[in-house]
Amino acid sequence: MNFKVRIFQLLMGFVFCVGYSQQNQWPVLKTYDQDHIQKIKMPVGGIGTGTISLTGRGSFEDWEIMNRPAKGFNPTLENRGPAKQKGPFFAIYIEDGDGKKQTRLLEGPPDEASYEGAWGANSNHHGLPRFGNATFKAAYPFGQVLLSDNNLPVEVMVGAFNPLIPGNIDDSSIPMAILNYTVKNTNEKDLVISIAGTIQNFIGFDGTRGKAINNKNTYREDNGVKGIHYTTEGVNPESEQWGSMSFVSLNEEKTTHRTAWQKMVSRWDKKRLDYWDDFSDDGVLEKRINDEANAPLGSLAVKTTLKAGEEKNFRFLITWHFPNRQTWDKPGFQKYIKATVGNYYTTKYKDSWDVVSKTLSRLDMLENQTKAFVNALIKSDIPFEIKESALFNLAHLRTQLAFRIKSGQLLGWEGVFDDRGSCFGSCTHVWNYEQTTAFLFGELAKTMRDVEYGYATDETGLMSFRVYLPLEEGQKWGKAAADGQMGAIMKFYRDWQLSGDDAFLKKHWPMVKKSLEFCWIPGGWDANKDGVMEGSQHNTMDVEYFGPNPQMGFWYLGALRASEEIATYLGENKFAKRCRAIYKKGSKWMDENLFNGEYYEQHIQPPMSAKNVAPSLIGATSGLKATDFTSPDFQLGKGVLVDQLVGQFFSHLVGLGYLAKEENIKTALQSIMKYNYVENMTSHANFHRSYALGDESALLMAAYPDERPEKPFPYYTEVMTGFEYTAAIGMLQEGQTEEGLKCIRNIRDRYDGRKRSPFNEAEAGHHYARSMIAWAGVLASTKFHYSAINKSMSFTSKPGTYFWSNGYSWGTCEVKNNEAILKVIQGQLELNSFSLDGLGTKKLKRQLINSSETLNIKF
């Protein structure tokens with residue numbers, strides 16, 4: 001290549017980047033260079049629909065669309081040796097004016113870790129030519145991969161997203177991946193190019209189970225849409241793997257297709273060679289017939305001409321529709337009940353082609369509204385690490401972690417393993433931490449409360465902390481978790497406050513009340529009603545604590561305060577006074593007895609006999625009974641627990657104030673930083689799972705500056721991001737800003753694209769629900785609080801522009817010169833008062849602010 005041509009390419013590369021941003025204007029929060037892309041997998045799909053992941057190289061992997069996780073599944077039903085690495089792919093054909101032809105995979109370099117294997121390299125399509133350079137840009141749900149190569153006259157931006165609009169649940173739950181291939185001609189001459197994609201019809205096989213039988217690919221053209229509709233005539237219509245898929249082009253240019261590839265005529269399968277030769281000849285696909293294929297391959301190719309310096313965008317859609325979701329697939333944990341609970345999203349569409357038909361005319365609107373949301377957040381004056389952690393962890397909500405059954409309720413695993421869910425039942429003591437759903441999709445959060453109080457709680461007030469499916473069997477777990485049950489009360493209070501829904505309140509309050517009174521049963525958590533939990537307290541450490549401790553203690557105090565507020569609102573003054581009295585005793589006792597001058601600790605109090613423990617509180621740990629009630633193992637003791645103040649964190653979040661002395665709360669957080677923070681994990685001894693290693697920095701689950709139980713709770717040497725966020729956001733709430741940001745920054749540095757995916761904070765499984773507490777960082781840094789009951793809103797008085805969302809409406813608030821400029825971007829907001837921290841409260845004449853309207857409030 002001569003020097004003049006290379007200089008022209010470099011200049012065109014710069015123009016391409018500028019031109020691309022002007023044309024597409026997708027927001028970007030973070031860019032990952034080529035050394036930090038190999039672990040990136042960004043889920044693309046709607047809430048409760050399943051996803052396909054865009055990798056940092058530009059490929060599409062982890063096809064998790066058939067009602068179960070499928071990490072590493074790149075659909076190919078050839079499972080012999082190297083044939084396993086022949087999943088879906090896109091390629092580009094390039095022909096210059098001199099007749100030179102080149103064909104490349106539309107991906108960057110493979111991971112060097114995949115070079116070695118029994119059959120050689122084991123990455124997807126490892127032997128095909130590809131681009132030499134790749135960078136990844138993201139502001140979830142937008143992902144973009146810039147591909148370039150010194151030997152090619154084009155640069156390509158591979159983009160993918162799925163609509164995500166706070167408050168708009170249905171439009172954020174579309175089973176679709178929207179793909180953009182923007183090609184820039186960096187040459188001085190015109191080019192002929194063609195973009196082709198190939199996806200196999202794997203209906204019937206989800207990566208682990210099932211089989212493709214007599215699947216059919218049909219080419220269709222409707223209203224300018226050209227594509228392949230994937231169906232089956234042989235898969236059982238009642239199986240989880242039964243459904244339909246569609247792969248369509250929205251481009252006006254010449255489109256050719258294949259609904260099948262060449263038949264396999266010998267063990268030396270050359271059908272991929274046949275395809276590559278055909279496409280590399282002229283960028284046009286010739287048809288092939290293969291009536292014997294149970295899982296036929298389908299391909300689309302779009303061909304056009306690019307003038308020198310010109311760029312064009314090629315848009316494709318992948319849609320899916322798999323209606324037969326089954327109950328929790330957890331034999332051995334749940335007493336397995338085989339039943340179909342369905343998918344809510346499939347009630348909105350007849351099949352995958354109907355998804356295209358109903359969404360097509362609205363694509364631009366959905367994209368613009370998604371961009372408006374993301375831009376409002378990332379352009380706000382919220383610290384970078386908070387925006388990153390909040391936005392990128394939001395991806396978890398749109399994986400196989402969470403799903404909506406046919407009747408509409410949202411449920412979730414704790415996390416997901418590679419091919420199945422991890423820990424079933426919308427586990428209350430894990431989902432207590434999650435704040436994303438309530439503040440972005442309030443109606444969805446309320447359905448989780450409907451499950452907890454409408455199905456999981458029995459007449460005694462015992463809430464099964466894991467709910468069975470179908471919902472009519474919801475109470476079969478039959479065990480209560482102290483933190484799960486108390487946290488559910490606080491979540492109920494939060495969701496009522498954010499929604500202002502009194503019908504929701506009155507429907508569930510009787511069972512909420514019973515769930516608090518359950519604390520006071522003989523042998524229960526607080527049988528003597530002194531405001532202190534002493535009984536057998538199953539909790540999120542998967543053990544029972546015996547004796548007073550801060551983790552359960554603050555959850556309990558928060559539940560008492562929330563119940564007091566609700567009872568007062570409903571005129572149940574006697575119950576409100578009881579809650580208040582118990583709360584005050586408990587708060588005073590914890591400060592005087594559990595606070596040791598630096599932090600809150602546990603006082604271990606063995607029950608001495610099973611007779612002293614309520615039967616419903618025995619054996620909640622994975623069905624195992626405690627072996628020694630006289631000297632129980634797995635206690636916290638005098639440890640510095642990283643989330644000892646989780647109840648206090650939640651109390652601030654919902655405006656209930658301090659649950660104990662302010663100075664003690666602040667000191668305890670300082671002690672967590674003093675004792676639990678490890679600058680370099682190389683020197684740390686961990687005896688369980690490792691989520692931080694080497695030179696990484698982290699907060700430990702617990703530290704023991706003095707004495708330690710011989711057998712502490714099992715996770716004490718671990719690091720888990722959801723717990724780290726709890727402490728870090730608590731620090732932000734208490735004005736310990738630098739410390740809190742440092743802890744959040746350390747987490748995100750670990751998920752850097754080189755070592756781990758930025759969209760997959762793990763704990764007991766991928767995409768762990770607890771990490772979605774990260775959204776609370778947005779609330780803490782802006783001091784945002786909203787009550788639809790009081791019709792009040794408050795913010796920090798620090799000058800800046802801040803994003804806000806209450807689960808039903810969202811917008812920005814600009815603070816400057818003792819003035820707040822409140823903008824509603826979407827939704828509707830009714831306010832009676834507005835506060836700026838430290839500047840006071842302004843009473844408003846009942847103000848109804850609609851979408852795109854602004855309210856100026858001067859102080």
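Scroll up a little and you will see the structure.
These numbers were taken from a predicted model, which means no experiment stands behind them.

**Q** Where do I start with the sheet that holds strand 34 (residues 840-849) in this structure?
**A** Sheet strands associate in pairs through backbone hydrogen bonding, adopting either a parallel or an antiparallel arrangement. Judged by pairing direction, the sheet is mixed, and its 4 strands sit side by side in the order 28-29-33-34 without closing on themselves. At either margin of the open sheet sits one strand with a lone partner, and together these are strand 28 (785-787) and strand 34. Adjacent strand axes in the sheet meet at a mean angle of 20 degrees when their direction is disregarded.

**Q** I tried to follow the sheet that holds strand 3 (residues 51-55) on my own but got confused; where do I start?
**A** A sheet is described by the order of its strands in space; here 3 strands give the open sequence 2-3-4, paired in antiparallel fashion. If you trace the sheet from one side to the other, it starts and ends with strand 2 (41-44) and strand 4 (60-64), each paired once. Taking each pair of neighbouring strands and ignoring which way they run, the sheet shows an average axis angle of 25 degrees. Pairing between strand 3 and strand 4: 3 bridges, direction antiparallel. By the bridge assignment, Thr51 is partnered in strand 4 with Glu64.

**Q** Can you help me understand the pairing of strand 32 (residues 819-826) in this one?
**A** Both faces of the sheet carry side chains from a regular strand, because those side chains alternate between them. With respect to burial, strand 32 is a largely interior element, 6 of its 8 residues being buried. The sheet contact formed by strand 31 (residues 810-816) and strand 32 spans 7 bridges and is antiparallel. In the sheet register, Glu814 faces strand 32, and the bridge partner there is Ile821. Here strand 32 runs beside strand 35 (residues 853-858); their pairing, made up of 6 bridges, is antiparallel. From the neighbouring strand, Leu822 faces strand 35, where its bridge partner is Leu855.

**Q** How do you make sense of the packing of aromatic side chains when you look at a structure like this?
**A** The relation between two aromatic rings is expressed through the spacing of the ring centres and the mutual angle of the planes. Tallied over the full model, the rule gives 52 aromatic pairs. On the numbers, 5.8 Å between centres and 85 degrees between planes, the contact of Phe90 with Phe247 is edge-to-face. Linking Phe90 in strand 5 (residues 89-96) with Phe247 in strand 14 (residues 244-249), this pair joins segments that are 157 residues apart in sequence. The same class applies to Phe90 as to Phe247, namely buried. Three or more aromatic residues joined by ring pairs make a cluster, and in this case those are Trp328, Phe403, Trp413, Phe424, Phe465, Tyr468 and Trp477. Over the ring of Phe424 we find Arg466; its NZ or CZ atom is 5.9 Å from the centre of that ring. Between Arg756 and the ring centre of Tyr751, over which it is positioned, the NZ or CZ distance is 5.6 Å.

Rules and cut-offs
For every chain, the first residue of its written sequence is number 1, and the numbers climb from 1 along that sequence. Side-chain atom pairs in this predicted model are given and counted only at pLDDT of 80 or more, local residue features only at pLDDT of at least 70, and totals for whole chains, interfaces and linings cover all residues. Derived side-chain values reflect all non-hydrogen atoms in the structure, with water molecules and hydrogen atoms excluded from consideration. Whether two strands pair depends on DSSP finding at least two bridges between them. Helix numbering and strand numbering both begin at the N terminus, where a helix is a DSSP run of H or I of at least 4 residues and a strand a DSSP run of E of at least 2. To get an axis, fit a line to the C-alpha atoms, keeping to the stretch in contact for a helix; angles then go from 0 to 180 degrees between the N-to-C directions. Relative accessibility under 20% of the residue-type maximum defines a buried residue, over 50% an exposed one, and the middle range a partly exposed one, all with a 1.4 Å probe and only protein chains included. Ring pairs shown here join Phe, Tyr and Trp side chains whose ring centres sit within 6.5 Å, with only the six-membered ring taken for Trp; geometry is labelled stacked below 30 degrees between planes, edge-to-face above 60, and tilted in between. Counting as a charge over the ring demands two things of the Lys NZ or Arg CZ atom: a distance within 6 Å of the ring centre and an angle within 35 degrees of the ring normal.

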